[in-house]
Amino acid sequence: MTGRSLPLQPGVAFPLSWVRRQFPALTSDPILFMDNAAGAQIPVGVLDAVTGHLLHRNVQRGGRYPHSLAVDAMVTRARQNVAWLVNAERADEIAFGMNATSFLRLISLGIAETLTDRKEIVVTDLDHDSNISTWLALEKMGATVKWWRMRDDGGLHLEDLLPLLSERTRLVACTAASHALGTFIDVAAVARAAHQAGADMLVDCVHYCPHAPIDVALWDCDYLVCSGYKAFSPHMGFMWGKFDKLVALPTFREDFIPDRPPHKIEAGTFVYENVAGMAAVVDYLCSLADELGHEGAGTRPAVVAAMEAIKLYERSLSERVHAVLADCGATIYGLADPRRFDERAPTFSFNLPGTAPAAVVQAMADAGIAIRDGHMYAPRLMNRLGLPLHEGVVRLSLVHYNGVDEIDRFADVLRGLSLR
Ligand SMILES: Cc1ncc(COP(=O)(O)O)c(C=O)c1O
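Residues numbered from 1 in each chain as written. Predicted model: local features only at pLDDT ≥ 70, side-chain atom pairs only at ≥ 80, totals over all residues. Heavy atoms only, no water.

A. Layout of the sheet that holds strand β5 (residues 120-124). Strand order in the open sheet made by the seven strands is β4-β10-β9-β8-β7-β5-β6, with mixed pairing throughout. The two strands at the open ends of the sheet, each matched to only one other strand, are β4 (94-97) and β6 (144-148). On average, each strand axis in the sheet is inclined to that of its neighbour by 20 degrees, with strand direction left out of account. Note that β4 and strand β10 (residues 237-241) share four bridges and pair antiparallel. If you follow Ala95 over to β10, its bridge partner there is Met239. Helix-sheet contacts for helix α4 (residues 66-86) involve β4 and β10, and the interaxial angle to β4 is about 115 degrees. Of the strands in this sheet, β4, β5, β7 (169-175), β8 (200-204), β9 (223-227) and β10 touch helix α5 (residues 100-112), which is tilted by about 155 degrees from β9. (Pairing = 2+ DSSP bridges. Helix = DSSP H or I, 4+ residues; strand = E, 2+ residues; numbered from the N terminus. Axes fitted to C-alpha atoms, helices over the stretch in contact; angles between N-to-C directions. Contact = heavy atoms within 4.5 Å.)

Written out as structure tokens, the structure reads:
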């Protein structure tokens, strides 16, 4: 593997060989890695940032000596880099922590304290359970949950949301991209509808982040949670909120923590080396933009250029995966019309008629191919698809370092199974 590149746009090829050279795990291990929605590999610059931190400044912030000052400087830089990644107006709207789920819990507990006469929370049956259970848990605190149901095309349609919104709605919580089906959601339209009803909008950006540009200014959402480890950093999470919303959000903090964002969102110490890694993800995207001919673009334009190129390249991966699955007679869940593939990431959930998902994934594992089976931490979605939780689906999830020759190896194994 895997120097073959696909046409990106007339005259420009996606620099796949360069990309793959940046990810040491892809060349040091023969496994063909297509389980990226569960956590992606990291580029060498991220690895260097993590080890550099541990080697040279593995100390607590807030001291007067140079190593401690360097940690403060690293965190400040990381906030700015992540602010550019999501297009935040201010770096202090970015908070770091363990993972997306703990941020969802933190926000939901704050919302629970401010329910007043608006007590309804809209959730979807497409989301990861992380962005459902946390809201259902508010029912015992007086909230009412309203369900925005997915349609057969794997999408959430605005016409289905509008009747759920009223002067009683406090918040709409939904994903920007389905981690199971790959569908993108029109976040800007959801936020507009929520705001027209006087409600807030929270977006789970975990699955979207590695696939397309995030733009909280354009989307005009109110809160956004993300896991860095799905987007090429080590295990960590970050969140963004509109500054005035974060100021108003009640949070738990120790007495010595200022009641201001981002500190009021960050109780305790987070994992500094992994935050250093997340900052380096943004540097990696800037280097990719350089490779694409955008040298000197500035960080935000470079991030957008890189993510637009990734999105375009990944569309061609989706087309190839779809052709393979269709050829093998697989049942594809969600969006399966290639003309609409700019509305999805190359994340496919499917089943092979007559073969259990676990058997498909075991055969792949035996052939050195890493994919995943099960309920994808989305039990409500499995119910919606009429699938037993103990079986679920087979999920293949690609990112921009995957190539068509990898899909072809996957196809060879799948074809063998479909002919049995
Ligand atoms: C869409 C989505 N939301 C939320 C989560 C939970 O993220 P975390 O593990 O960072 O809590 C995941 C994890 O797979 C996810 O895919």
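B. Geometry of unusual backbone geometry. Residue Pro261 is joined to Pro262 through a cis peptide bond whose omega torsion reads 0 degrees. Relative to the helices and strands, Pro262 resides in the loop between α10 (243-248) and α11 (272-291). In this structure, Met376 is a non-glycine residue whose phi angle is positive, near 60 degrees. A residue is classified by how much of its surface remains accessible, and Met376, at 2% relative accessible area, is buried. (Buried < 20%, exposed > 50% of the residue type's maximum accessible area, 1.4 Å probe, protein only.)

C. Seen up close, α11. Here α11 spans 29 Å end to end across 20 residues, near enough to the 28 Å set by a 1.5 Å rise per residue. The buried fraction of α11 is high, at 16 of 20 residues. Gly293 sits one or two residues past α11 and shows a positive phi near 90 degrees. (Expected span 1.5 Å × (residues − 1).)

D. Looking closely at the site of the ligand. In the vicinity of the ligand, the residues found are Asn99, Ala100, Thr101, His128, Ser130, His179, Asp204, Val206, Ser227, Tyr229 and Lys230. Thr101 has a polar side-chain atom sitting 2.5 Å from an oxygen atom of the ligand. Between the ligand and Lys230 there is a distance of 2.4 Å, counted from an oxygen atom to a side-chain nitrogen or oxygen. In terms of residue class, the shell around the ligand is built from three nonpolar, six polar and two charged. (Near = heavy atom within 4 Å. Polar contact = N/O pair within 3.5 Å; in protein donor to acceptor, adjacent residues only side chain to side chain. Nonpolar A, V, L, I, M, F, W, Y, C, P; charged D, E, K, R; others polar.)

E. Highlighting the domain arrangement of the chain. The domains assigned to the chain are domain 1 (7-42 + 308-418) and domain 2 (48-282). Of note, the centres of domain 1 and domain 2, computed from C-alpha atoms alone, are 26 Å apart. Residue-level contacts link 37 residues of domain 1 with 30 residues of domain 2. For the pair domain 1 and domain 2, the summed buried surface comes to about 2,500 Å²; carbon and sulfur atoms form 58% of the total. When the buried surface of domain 1 facing domain 2 is broken down by residue, Arg380, Leu381 and Arg384 rank first, second and third, together holding 25% of it. The interface formed by domain 1 and domain 2 holds three salt bridges in total. Here Arg380 ties to Asp129 by a salt bridge, and the two come within 2.5 Å at their closest N and O atoms. Our count for the domain 1 to domain 2 interface comes out at 17 residue pairs in polar contact (both at pLDDT 80 or more). Secondary structure elements with two or more residues in the side of domain 1 that touches domain 2: α12 (299-327), β12 (347-351) and α14 (379-384). (Domains from an automatic or database assignment. Buried area = accessible area lost by both parts, 1.4 Å probe. Salt bridge = Lys/Arg side-chain N within 4 Å of Asp/Glu carboxyl O.)

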